[in-house]
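The primary structure of each chain is shown beneath.
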Amino acid sequence: MGHLGALLFLLGSLGALADICEIPEVDSKLVERLGQRLLPWMDWLSLEYLNPSIYVGLRLSSLQAGAREAFYLHILKLNYQQSVLGLAVNDDNDDNSNSKAKPSMGQLALYLLALRANCEFVGGRKGDKLVSQLKRFLEDEKRAIGSSHKGHPHTSYYQYGLGILALCVHQKRLHDSVVGKLLYAVEHDQHLHRGRLSVDTAAMAGLAFTCLEHSNLNRNQGHRITLAIRTVQEKILKAQTPEGHFGNVYSTPLALQLLMNSFMPGRKLGPACLKARAALLASMQDGAFKNVLIISQLLPVLNGKSYVDLISPDCEAPRVLLQPAVETPSQTRELISVMLKVPSVLPPYRHPISVPAGSSLEDVLKKAQELTGFTYGTQNSLSGPYLTSVMGREVGEREFWQLLQVPDTPLLEGIADYIPKDGETIELRLVSW
(Lines give C-alpha, C1' and ligand atoms only; values in the text may rest on other atoms or scores of the structure.)
Protein backbone atom coordinates (compact mmCIF):
# COMPACT_ATOMS: atom_id res chain seq x y z
CA MET A 1 0.00 0.00 0.00
CA GLY A 2 2.92 2.33 0.71
CA HIS A 3 4.24 1.99 -2.84
CA LEU A 4 0.74 2.34 -4.27
CA GLY A 5 0.15 5.48 -2.20
CA ALA A 6 3.43 6.99 -3.41
CA LEU A 7 2.53 6.19 -7.01
CA LEU A 8 -0.90 7.77 -6.66
CA PHE A 9 0.66 10.85 -5.05
CA LEU A 10 3.14 11.14 -7.95
CA LEU A 11 0.41 10.78 -10.56
CA GLY A 12 -1.68 13.38 -8.75
CA SER A 13 1.27 15.75 -8.65
CA LEU A 14 1.90 15.32 -12.37
CA GLY A 15 -1.77 15.97 -13.04
CA ALA A 16 -1.67 19.12 -10.93
CA LEU A 17 1.41 20.35 -12.83
CA ALA A 18 -0.47 19.87 -16.09
CA ASP A 19 -3.28 22.07 -14.75
CA ILE A 20 -1.04 25.08 -14.04
CA CYS A 21 1.17 27.26 -16.22
CA GLU A 22 4.79 27.13 -15.09
CA ILE A 23 7.81 28.29 -17.07
CA PRO A 24 10.92 26.19 -16.29
CA GLU A 25 14.16 28.10 -15.77
CA VAL A 26 15.90 29.41 -18.88
CA ASP A 27 19.68 29.64 -19.40
CA SER A 28 20.87 32.57 -17.27
CA LYS A 29 23.20 33.81 -20.04
CA LEU A 30 20.25 34.25 -22.41
CA VAL A 31 18.32 36.13 -19.72
CA GLU A 32 21.35 38.32 -18.99
CA ARG A 33 21.72 39.24 -22.67
CA LEU A 34 18.09 40.33 -22.71
CA GLY A 35 18.61 42.51 -19.65
CA GLN A 36 21.73 44.07 -21.15
CA ARG A 37 19.60 45.42 -24.00
CA LEU A 38 17.76 47.61 -21.48
CA LEU A 39 20.85 49.28 -20.01
CA PRO A 40 21.57 51.79 -22.83
CA TRP A 41 17.97 53.02 -22.63
CA MET A 42 18.49 53.94 -18.99
CA ASP A 43 20.84 56.72 -20.18
CA TRP A 44 18.04 58.49 -22.08
CA LEU A 45 16.68 60.70 -19.33
CA SER A 46 14.29 63.16 -21.02
CA LEU A 47 10.55 62.61 -20.57
CA GLU A 48 10.20 61.86 -24.27
CA TYR A 49 12.39 58.76 -23.91
CA LEU A 50 11.81 57.73 -20.29
CA ASN A 51 10.16 54.33 -20.18
CA PRO A 52 8.79 53.17 -16.80
CA SER A 53 8.31 49.65 -18.19
CA ILE A 54 12.11 49.21 -18.09
CA TYR A 55 12.11 49.73 -14.32
CA VAL A 56 9.07 47.48 -13.82
CA GLY A 57 10.60 44.72 -15.95
CA LEU A 58 13.88 44.76 -14.03
CA ARG A 59 12.24 44.82 -10.59
CA LEU A 60 10.12 41.78 -11.47
CA SER A 61 13.06 39.94 -13.03
CA SER A 62 16.04 38.05 -11.65
CA LEU A 63 18.31 40.94 -12.71
CA GLN A 64 19.18 44.36 -11.33
CA ALA A 65 21.03 47.45 -12.55
CA GLY A 66 22.31 48.56 -9.13
CA ALA A 67 22.75 52.31 -8.56
CA ARG A 68 21.75 52.94 -12.18
CA GLU A 69 18.34 51.45 -11.42
CA ALA A 70 17.80 53.63 -8.34
CA PHE A 71 18.85 56.75 -10.26
CA TYR A 72 16.45 55.87 -13.09
CA LEU A 73 13.55 55.71 -10.64
CA HIS A 74 14.63 59.07 -9.21
CA ILE A 75 14.54 60.64 -12.70
CA LEU A 76 11.17 59.00 -13.39
CA LYS A 77 9.76 60.60 -10.24
CA LEU A 78 11.14 64.05 -11.05
CA ASN A 79 9.81 64.04 -14.60
CA TYR A 80 6.42 62.43 -14.06
CA GLN A 81 5.48 64.35 -10.93
CA GLN A 82 6.52 67.63 -12.53
CA SER A 83 4.68 66.92 -15.77
CA VAL A 84 1.47 65.78 -14.08
CA LEU A 85 1.45 68.69 -11.63
CA GLY A 86 2.04 71.01 -14.57
CA LEU A 87 -0.78 69.31 -16.44
CA ALA A 88 -3.16 69.92 -13.52
CA VAL A 89 -2.21 73.62 -13.49
CA ASN A 90 -2.70 73.87 -17.25
CA ASP A 91 -6.10 72.19 -16.97
CA ASP A 92 -7.12 74.72 -14.35
CA ASN A 93 -5.92 77.58 -16.56
CA ASP A 94 -7.28 76.02 -19.77
CA ASP A 95 -3.80 76.41 -21.24
CA ASN A 96 -2.42 73.73 -23.55
CA SER A 97 0.94 75.35 -24.23
CA ASN A 98 2.80 72.58 -22.39
CA SER A 99 1.10 69.73 -24.25
CA LYS A 100 4.40 68.14 -25.34
CA ALA A 101 5.30 67.48 -21.72
CA LYS A 102 2.11 65.63 -20.90
CA PRO A 103 2.46 61.88 -20.31
CA SER A 104 -0.09 59.66 -22.05
CA MET A 105 -2.49 57.44 -20.15
CA GLY A 106 -0.27 54.42 -20.82
CA GLN A 107 2.88 56.24 -19.66
CA LEU A 108 1.22 57.41 -16.46
CA ALA A 109 -0.14 53.92 -15.76
CA LEU A 110 3.30 52.36 -16.21
CA TYR A 111 4.80 54.99 -13.91
CA LEU A 112 2.34 53.95 -11.19
CA LEU A 113 3.39 50.32 -11.77
CA ALA A 114 7.02 51.41 -11.38
CA LEU A 115 6.26 52.99 -8.00
CA ARG A 116 4.58 49.80 -6.86
CA ALA A 117 7.53 47.75 -8.14
CA ASN A 118 9.58 49.70 -5.57
CA CYS A 119 7.03 48.74 -2.88
CA GLU A 120 5.63 52.28 -2.80
CA PHE A 121 1.97 53.24 -2.61
CA VAL A 122 1.01 56.59 -4.11
CA GLY A 123 0.07 59.06 -1.42
CA GLY A 124 0.20 62.70 -0.39
CA ARG A 125 -0.70 65.67 -2.56
CA LYS A 126 1.52 64.64 -5.48
CA GLY A 127 0.33 61.05 -5.37
CA ASP A 128 -3.31 62.14 -5.28
CA LYS A 129 -2.70 64.27 -8.38
CA LEU A 130 -1.28 61.27 -10.21
CA VAL A 131 -4.25 59.09 -9.29
CA SER A 132 -6.76 61.81 -10.16
CA GLN A 133 -5.15 62.38 -13.54
CA LEU A 134 -5.23 58.69 -14.44
CA LYS A 135 -8.86 58.48 -13.33
CA ARG A 136 -9.65 61.50 -15.54
CA PHE A 137 -8.00 59.76 -18.49
CA LEU A 138 -10.19 56.70 -17.93
CA GLU A 139 -13.34 58.78 -17.52
CA ASP A 140 -12.57 60.52 -20.84
CA GLU A 141 -12.12 57.14 -22.51
CA LYS A 142 -15.37 55.90 -20.97
CA ARG A 143 -17.24 58.87 -22.45
CA ALA A 144 -15.62 58.27 -25.85
CA ILE A 145 -16.85 54.66 -25.81
CA GLY A 146 -20.33 55.94 -24.95
CA SER A 147 -23.31 54.58 -23.09
CA SER A 148 -24.28 52.40 -26.07
CA HIS A 149 -20.70 51.04 -26.41
CA LYS A 150 -20.64 52.03 -30.08
CA GLY A 151 -17.72 54.45 -29.72
CA HIS A 152 -14.03 53.76 -29.29
CA PRO A 153 -11.43 54.85 -26.75
CA HIS A 154 -9.20 57.72 -27.88
CA THR A 155 -6.17 55.51 -27.20
CA SER A 156 -6.92 51.76 -27.09
CA TYR A 157 -8.48 49.08 -24.91
CA TYR A 158 -4.89 47.99 -24.16
CA GLN A 159 -4.16 51.32 -22.46
CA TYR A 160 -7.61 51.26 -20.84
CA GLY A 161 -6.84 47.89 -19.24
CA LEU A 162 -3.35 49.05 -18.25
CA GLY A 163 -4.86 52.09 -16.50
CA ILE A 164 -7.26 49.92 -14.50
CA LEU A 165 -4.41 47.54 -13.56
CA ALA A 166 -2.18 50.41 -12.38
CA LEU A 167 -4.84 51.83 -10.08
CA CYS A 168 -5.74 48.35 -8.84
CA VAL A 169 -2.22 47.47 -7.63
CA HIS A 170 -2.33 50.71 -5.62
CA GLN A 171 -5.68 49.63 -4.14
CA LYS A 172 -7.49 52.54 -5.80
CA ARG A 173 -11.09 51.66 -6.58
CA LEU A 174 -12.69 52.77 -9.84
CA HIS A 175 -16.37 53.32 -10.45
CA ASP A 176 -18.16 50.19 -11.69
CA SER A 177 -19.08 52.02 -14.91
CA VAL A 178 -15.37 52.42 -15.82
CA VAL A 179 -14.61 48.73 -15.23
CA GLY A 180 -17.86 47.87 -16.98
CA LYS A 181 -16.63 49.28 -20.30
CA LEU A 182 -13.69 46.86 -20.33
CA LEU A 183 -15.94 43.99 -19.26
CA TYR A 184 -18.33 44.76 -22.12
CA ALA A 185 -15.41 44.92 -24.57
CA VAL A 186 -14.29 41.41 -23.57
CA GLU A 187 -17.82 40.03 -23.53
CA HIS A 188 -18.52 41.39 -27.03
CA ASP A 189 -15.12 40.91 -28.70
CA GLN A 190 -14.33 44.62 -28.84
CA HIS A 191 -10.69 43.86 -27.98
CA LEU A 192 -10.26 42.76 -31.58
CA HIS A 193 -7.97 44.60 -33.99
CA ARG A 194 -9.04 44.68 -37.63
CA GLY A 195 -11.20 41.59 -37.12
CA ARG A 196 -8.56 39.53 -35.31
CA LEU A 197 -7.98 38.86 -31.66
CA SER A 198 -5.39 41.26 -30.24
CA VAL A 199 -3.71 38.88 -27.81
CA ASP A 200 -1.75 41.54 -25.93
CA THR A 201 -4.90 43.67 -25.51
CA ALA A 202 -6.87 40.67 -24.26
CA ALA A 203 -4.01 39.68 -21.92
CA MET A 204 -3.81 43.19 -20.45
CA ALA A 205 -7.56 43.14 -19.82
CA GLY A 206 -7.18 39.73 -18.16
CA LEU A 207 -4.37 41.01 -15.91
CA ALA A 208 -6.51 43.98 -14.88
CA PHE A 209 -9.45 41.71 -14.05
CA THR A 210 -7.19 39.25 -12.18
CA CYS A 211 -5.92 42.11 -10.03
CA LEU A 212 -9.48 43.29 -9.33
CA GLU A 213 -10.47 39.74 -8.38
CA HIS A 214 -7.47 39.24 -6.06
CA SER A 215 -7.91 42.67 -4.45
CA ASN A 216 -11.66 42.21 -4.02
CA LEU A 217 -12.31 45.62 -5.58
CA ASN A 218 -15.57 46.24 -7.50
CA ARG A 219 -17.35 43.47 -5.60
CA ASN A 220 -20.67 44.12 -7.33
CA GLN A 221 -19.09 42.98 -10.59
CA GLY A 222 -17.26 39.99 -9.12
CA HIS A 223 -19.14 37.35 -11.12
CA ARG A 224 -18.71 39.20 -14.42
CA ILE A 225 -15.01 39.72 -13.68
CA THR A 226 -14.49 36.00 -13.02
CA LEU A 227 -16.28 35.07 -16.26
CA ALA A 228 -14.31 37.68 -18.22
CA ILE A 229 -11.01 36.23 -16.95
CA ARG A 230 -12.06 32.77 -18.13
CA THR A 231 -13.19 34.19 -21.50
CA VAL A 232 -9.83 35.89 -22.06
CA GLN A 233 -7.91 32.77 -21.00
CA GLU A 234 -9.83 30.60 -23.45
CA LYS A 235 -9.37 33.03 -26.34
CA ILE A 236 -5.63 33.29 -25.73
CA LEU A 237 -5.21 29.51 -25.58
CA LYS A 238 -7.14 29.16 -28.86
CA ALA A 239 -4.80 31.76 -30.41
CA GLN A 240 -1.72 29.55 -29.88
CA THR A 241 0.12 28.97 -33.15
CA PRO A 242 1.57 25.62 -34.25
CA GLU A 243 5.01 26.99 -33.29
CA GLY A 244 3.77 27.68 -29.76
CA HIS A 245 3.34 31.45 -29.67
CA PHE A 246 0.14 33.05 -28.40
CA GLY A 247 -0.86 35.29 -31.31
CA ASN A 248 2.73 36.05 -32.29
CA VAL A 249 6.17 36.05 -30.69
CA TYR A 250 5.78 39.58 -29.31
CA SER A 251 2.35 39.10 -27.70
CA THR A 252 3.39 35.83 -26.02
CA PRO A 253 5.13 37.35 -22.94
CA LEU A 254 2.05 39.26 -21.81
CA ALA A 255 -0.17 36.25 -22.55
CA LEU A 256 2.05 34.10 -20.33
CA GLN A 257 1.90 36.71 -17.56
CA LEU A 258 -1.85 36.15 -17.52
CA LEU A 259 -1.77 32.36 -17.85
CA MET A 260 0.79 32.01 -15.04
CA ASN A 261 -1.86 33.53 -12.75
CA SER A 262 -4.52 31.16 -14.03
CA PHE A 263 -6.15 27.98 -12.87
CA MET A 264 -8.74 26.57 -15.25
CA PRO A 265 -10.56 23.50 -13.95
CA GLY A 266 -10.74 20.86 -16.66
CA ARG A 267 -8.14 22.66 -18.81
CA LYS A 268 -4.54 21.49 -19.04
CA LEU A 269 -2.43 24.67 -19.10
CA GLY A 270 0.94 22.98 -18.60
CA PRO A 271 1.49 21.61 -22.15
CA ALA A 272 0.45 24.91 -23.80
CA CYS A 273 2.81 26.90 -21.59
CA LEU A 274 5.72 24.51 -22.13
CA LYS A 275 5.18 24.81 -25.88
CA ALA A 276 5.16 28.59 -25.59
CA ARG A 277 8.33 28.46 -23.50
CA ALA A 278 10.09 26.41 -26.19
CA ALA A 279 8.99 28.91 -28.87
CA LEU A 280 10.22 31.85 -26.76
CA LEU A 281 13.55 30.13 -26.13
CA ALA A 282 14.09 29.62 -29.88
CA SER A 283 13.20 33.29 -30.51
CA MET A 284 15.61 34.45 -27.78
CA GLN A 285 18.41 32.37 -29.29
CA ASP A 286 17.67 33.94 -32.69
CA GLY A 287 17.91 37.45 -31.19
CA ALA A 288 14.27 38.26 -31.94
CA PHE A 289 13.76 40.48 -28.89
CA LYS A 290 15.07 44.02 -29.44
CA ASN A 291 12.13 46.17 -28.35
CA VAL A 292 12.51 47.41 -24.75
CA LEU A 293 8.78 47.23 -23.96
CA ILE A 294 8.55 43.57 -25.03
CA ILE A 295 11.79 42.70 -23.20
CA SER A 296 10.34 44.39 -20.09
CA GLN A 297 7.27 42.14 -20.36
CA LEU A 298 9.36 39.01 -20.99
CA LEU A 299 11.88 39.33 -18.15
CA PRO A 300 9.24 38.88 -15.40
CA VAL A 301 7.89 35.76 -17.15
CA LEU A 302 11.38 34.22 -17.13
CA ASN A 303 11.41 34.86 -13.36
CA GLY A 304 7.93 33.39 -12.79
CA LYS A 305 6.41 36.84 -12.16
CA SER A 306 3.70 39.02 -13.65
CA TYR A 307 2.28 42.53 -13.22
CA VAL A 308 -0.28 41.03 -10.82
CA ASP A 309 2.60 40.36 -8.39
CA LEU A 310 2.76 44.14 -7.91
CA ILE A 311 -0.24 43.80 -5.59
CA SER A 312 2.28 42.58 -3.02
CA PRO A 313 5.80 42.84 -4.51
CA ASP A 314 8.85 41.19 -2.98
CA CYS A 315 11.40 44.01 -2.93
CA GLU A 316 13.97 41.98 -0.99
CA ALA A 317 14.28 39.13 -3.50
CA PRO A 318 17.92 38.58 -4.56
CA ARG A 319 18.72 39.68 -8.11
CA VAL A 320 21.90 39.33 -10.17
CA LEU A 321 23.75 42.56 -11.00
CA LEU A 322 23.81 43.24 -14.74
CA GLN A 323 27.10 44.10 -16.41
CA PRO A 324 27.13 46.12 -19.65
CA ALA A 325 27.62 44.00 -22.76
CA VAL A 326 31.14 43.94 -24.16
CA GLU A 327 31.09 45.78 -27.48
CA THR A 328 32.78 44.07 -30.41
CA PRO A 329 34.71 46.22 -32.91
CA SER A 330 32.49 47.28 -35.81
CA GLN A 331 33.26 45.72 -39.16
CA THR A 332 32.61 47.01 -42.63
CA ARG A 333 29.19 45.78 -43.70
CA GLU A 334 28.15 44.95 -47.23
CA LEU A 335 25.46 47.05 -48.87
CA ILE A 336 22.01 45.63 -49.45
CA SER A 337 19.13 46.98 -51.55
CA VAL A 338 15.64 47.47 -50.12
CA MET A 339 12.72 48.57 -52.30
CA LEU A 340 10.59 51.17 -50.51
CA LYS A 341 7.02 51.50 -51.78
CA VAL A 342 4.22 53.92 -50.81
CA PRO A 343 1.06 53.46 -52.92
CA SER A 344 -1.14 55.53 -50.57
CA VAL A 345 0.18 58.88 -51.89
CA LEU A 346 0.02 60.68 -55.23
CA PRO A 347 2.14 60.19 -57.16
CA PRO A 348 2.92 56.74 -55.70
CA TYR A 349 6.46 56.43 -54.36
CA ARG A 350 8.75 53.53 -55.29
CA HIS A 351 12.55 53.59 -54.98
CA PRO A 352 15.37 51.12 -54.28
CA ILE A 353 17.42 52.21 -51.26
CA SER A 354 20.95 50.97 -50.51
CA VAL A 355 21.94 50.61 -46.85
CA PRO A 356 24.51 48.56 -44.91
CA ALA A 357 23.39 45.06 -43.97
CA GLY A 358 21.83 45.00 -40.50
CA SER A 359 20.27 48.46 -40.86
CA SER A 360 16.83 49.02 -39.41
CA LEU A 361 13.81 50.08 -41.43
CA GLU A 362 14.19 53.50 -39.79
CA ASP A 363 17.71 53.67 -41.29
CA VAL A 364 16.19 52.90 -44.71
CA LEU A 365 13.69 55.75 -44.30
CA LYS A 366 16.46 58.16 -43.28
CA LYS A 367 18.55 57.19 -46.31
CA ALA A 368 15.50 57.57 -48.59
CA GLN A 369 14.92 61.05 -47.14
CA GLU A 370 18.56 61.94 -47.79
CA LEU A 371 18.73 60.63 -51.37
CA THR A 372 15.28 60.70 -52.99
CA GLY A 373 13.21 63.48 -51.44
CA PHE A 374 11.22 61.00 -49.38
CA THR A 375 9.63 62.65 -46.31
CA TYR A 376 8.18 61.21 -43.14
CA GLY A 377 7.35 62.12 -39.57
CA THR A 378 7.41 60.03 -36.40
CA GLN A 379 6.28 60.18 -32.81
CA ASN A 380 7.92 58.37 -29.92
CA SER A 381 5.96 55.88 -27.86
CA LEU A 382 6.82 53.36 -25.15
CA SER A 383 7.19 50.68 -27.81
CA GLY A 384 9.37 52.88 -30.06
CA PRO A 385 8.79 55.47 -32.80
CA TYR A 386 5.85 55.10 -35.14
CA LEU A 387 4.99 56.88 -38.39
CA THR A 388 2.65 59.86 -38.23
CA SER A 389 3.13 61.10 -41.80
CA VAL A 390 4.62 59.88 -45.08
CA MET A 391 5.23 62.13 -48.10
CA GLY A 392 3.16 64.85 -46.43
CA ARG A 393 0.18 62.56 -45.79
CA GLU A 394 -0.74 62.81 -42.11
CA VAL A 395 -2.66 60.08 -40.32
CA GLY A 396 -6.27 60.94 -39.57
CA GLU A 397 -8.48 59.73 -36.74
CA ARG A 398 -8.40 55.92 -36.47
CA GLU A 399 -5.74 55.66 -39.20
CA PHE A 400 -2.15 54.42 -39.09
CA TRP A 401 0.73 53.67 -41.42
CA GLN A 402 0.98 49.89 -41.65
CA LEU A 403 4.35 48.30 -42.43
CA LEU A 404 4.20 45.37 -44.83
CA GLN A 405 6.55 42.98 -46.51
CA VAL A 406 5.27 42.78 -50.09
CA PRO A 407 2.95 41.36 -51.17
CA ASP A 408 0.83 41.45 -48.03
CA THR A 409 2.64 40.32 -44.86
CA PRO A 410 2.30 42.78 -41.93
CA LEU A 411 5.55 43.37 -40.05
CA LEU A 412 5.43 42.46 -36.36
CA GLU A 413 8.10 45.01 -35.44
CA GLY A 414 8.25 48.80 -35.69
CA ILE A 415 10.54 50.92 -37.84
CA ALA A 416 13.32 51.01 -35.21
CA ASP A 417 13.38 47.23 -34.67
CA TYR A 418 12.71 45.63 -38.06
CA ILE A 419 15.85 44.65 -40.03
CA PRO A 420 15.09 44.35 -43.78
CA LYS A 421 16.84 41.74 -45.90
CA ASP A 422 18.57 42.23 -49.23
CA GLY A 423 16.10 42.38 -52.12
CA GLU A 424 13.09 42.86 -49.84
CA THR A 425 10.25 45.20 -50.78
CA ILE A 426 8.70 47.13 -47.90
CA GLU A 427 5.36 48.89 -48.33
CA LEU A 428 4.04 51.70 -46.17
CA ARG A 429 0.24 51.58 -46.40
CA LEU A 430 -2.24 54.00 -44.85
CA VAL A 431 -5.08 51.95 -43.32
CA SER A 432 -8.12 52.62 -41.15
CA TRP A 433 -9.09 50.66 -38.07
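Residues numbered from 1 in each chain as written. Predicted model: local features only at pLDDT ≥ 70, side-chain atom pairs only at ≥ 80, totals over all residues. Heavy atoms only, no water.

Looking at an unreviewed UniProt entry, one finds the protein named Transcobalamin-2 and attributed to Callorhinus ursinus. Here is the UniProt Subunit (unreviewed entry) comment for the protein, exactly as written: "Interacts with CD320 (via LDL-receptor class A domains)." You can read under Sequence similarities (unreviewed entry) in the UniProt record for the protein the words "Belongs to the eukaryotic cobalamin transport proteins family." (UniProt positions renumbered as here; feature names shortened; annotations may be inferred.)

Student: Just checking my understanding: could you explain the packing of helix H5 (residues 105–117) against helix H6 (residues 124–145) for this structure?
Tutor: In a packed pair of helices, the relevant descriptors are the angle between the two axes and the axis-to-axis distance. Between H5 and H6, whose axes approach to 10 Å, the crossing angle comes to 140 degrees. With respect to each other, H5 and H6 are oriented oblique. In the crossing of H5 with H6, the sense of the turn from one axis to the other is left-handed. Residue-level contacts link Met105, Leu108, Ala109, Tyr111, Leu112 and Leu115 of H5 to Leu130, Gln133, Leu134, Phe137, Leu138 and Glu141 of H6. Residue composition of the contact of H5 with H6, grouped by class: ten nonpolar, one polar and one charged. (Axes fitted to C-alpha atoms, helices over the stretch in contact; angles between N-to-C directions. Helix = DSSP H or I, 4+ residues; strand = E, 2+ residues; numbered from the N terminus. Parallel < 35°, antiparallel > 145°, perpendicular 65-115°, else oblique. Left-handed = near helix turned anticlockwise from the far one by under 90°. Contact = heavy atoms within 4.5 Å. Nonpolar A, V, L, I, M, F, W, Y, C, P; charged D, E, K, R; others polar.)

Student: I would appreciate a short explanation of the pairing of strand S7 (residues 376–379) in the present structure.
Tutor: On a regular strand, each side chain points to the face opposite its neighbour's, so the side chains alternate between the two faces of the sheet. For S7 and strand S8 (residues 386–390), the ladder comprises four bridges, and the chain directions are antiparallel. Paired with glutamine 379 across the strands is tyrosine 386, a residue of S8. Taking the residues between adjacent antiparallel strands as the criterion, S7 and S8 are bridged by six residues, where glycine 384 takes a positive phi near 110 degrees. (Pairing = 2+ DSSP bridges.)

Student: Help me understand the sheet that holds strand S10 (residues 399–405) in this model?
Tutor: Strand pairing in a sheet relies on backbone hydrogen bonds. The paired strands run either parallel or antiparallel. Spatial ordering of the open sheet is given by S6-S5-S12-S10-S11, a layout of five strands whose pairing is mixed. Because the sheet does not close on itself, it has two edges, and the strands there are strand S6 (349–356) and strand S11 (409–410). Contacting strand S5 (335–342), S6, S10 and strand S12 (425–432), helix H14 (residues 361–372) runs over the sheet at an angle of about 115 degrees to S6.

Student: What is the right way to read a positive patch on the surface from this model?
Tutor: A contiguous patch of positive charge on the surface is contributed by Arg125, Lys126, Lys129 and Arg136. Tracing the sequence through the fold places lysine 129 in helix H6. Residue class for lysine 129 comes out partly exposed when judged on its relative accessible area of 30%. (Patch = residues over 30% accessible without salt bridge, like charges linked within 9 Å, V, L, I, M, F, W, Y side chains within 5 Å. Areas by Shrake-Rupley, 256 points an atom, 1.4 Å probe, with all protein chains shown as cover. Salt bridge = Lys/Arg side-chain N within 4 Å of Asp/Glu carboxyl O. Lys, Arg positive; Asp, Glu negative; His and termini not counted. Charge placed at Lys NZ, Arg CZ, Asp CG, Glu CD. Buried < 20%, exposed > 50% of the residue type's maximum accessible area, 1.4 Å probe, protein only.)

Student: Can you help me understand the state of the cysteines in this one?
Tutor: Here a disulfide denotes one covalent bond, and it connects the sulfur atoms of two cysteines. Applying the stated criterion across every chain, the model contains three disulfides. Covalent S-S linkage joins cysteine 119 and cysteine 315, the inter-sulfur distance amounting to 2.0 Å. Sign of the S-S torsion, about 110 degrees for the bond between cysteine 119 and cysteine 315, identifies this disulfide as right-handed. Of this pair, cysteine 119 sits in the loop between H5 and H6 while cysteine 315 sits in the loop between helix H13 (292–302) and strand S4 (320–321), and the two are 196 residues apart along the sequence. (Disulfide = S-S within 2.5 Å.)

Student: Got a minute to help me understand the layout of surface pockets in this structure?
Tutor: By rolling a water-sized probe across the atoms, one finds the places where empty space is left. Considered as a void within the structure, the second largest pocket measures approximately 780 Å³ in volume. Along its surface, the second largest pocket is lined by 27 residues, and Arg37, Pro40, Trp41, Trp44 and Val292 are the ones closest to its centre. Of the residues that constitute the lining of the second largest pocket, the class distribution is twelve nonpolar, eight polar and seven charged. A domain-level breakdown of the lining of the second largest pocket finds at least three residues from each of domain 1 (20–88 + 103–321) and domain 2 (335–432). (1 Å grid on protein atoms, 1.4 Å probe; cavity = no way out; pocket = protein on both sides within 12 Å on 5 of 7 lines; lining within 4 Å. Points joined across faces, edges and corners; volume = space filled by probe spheres on them. Domains from an automatic or database assignment.)

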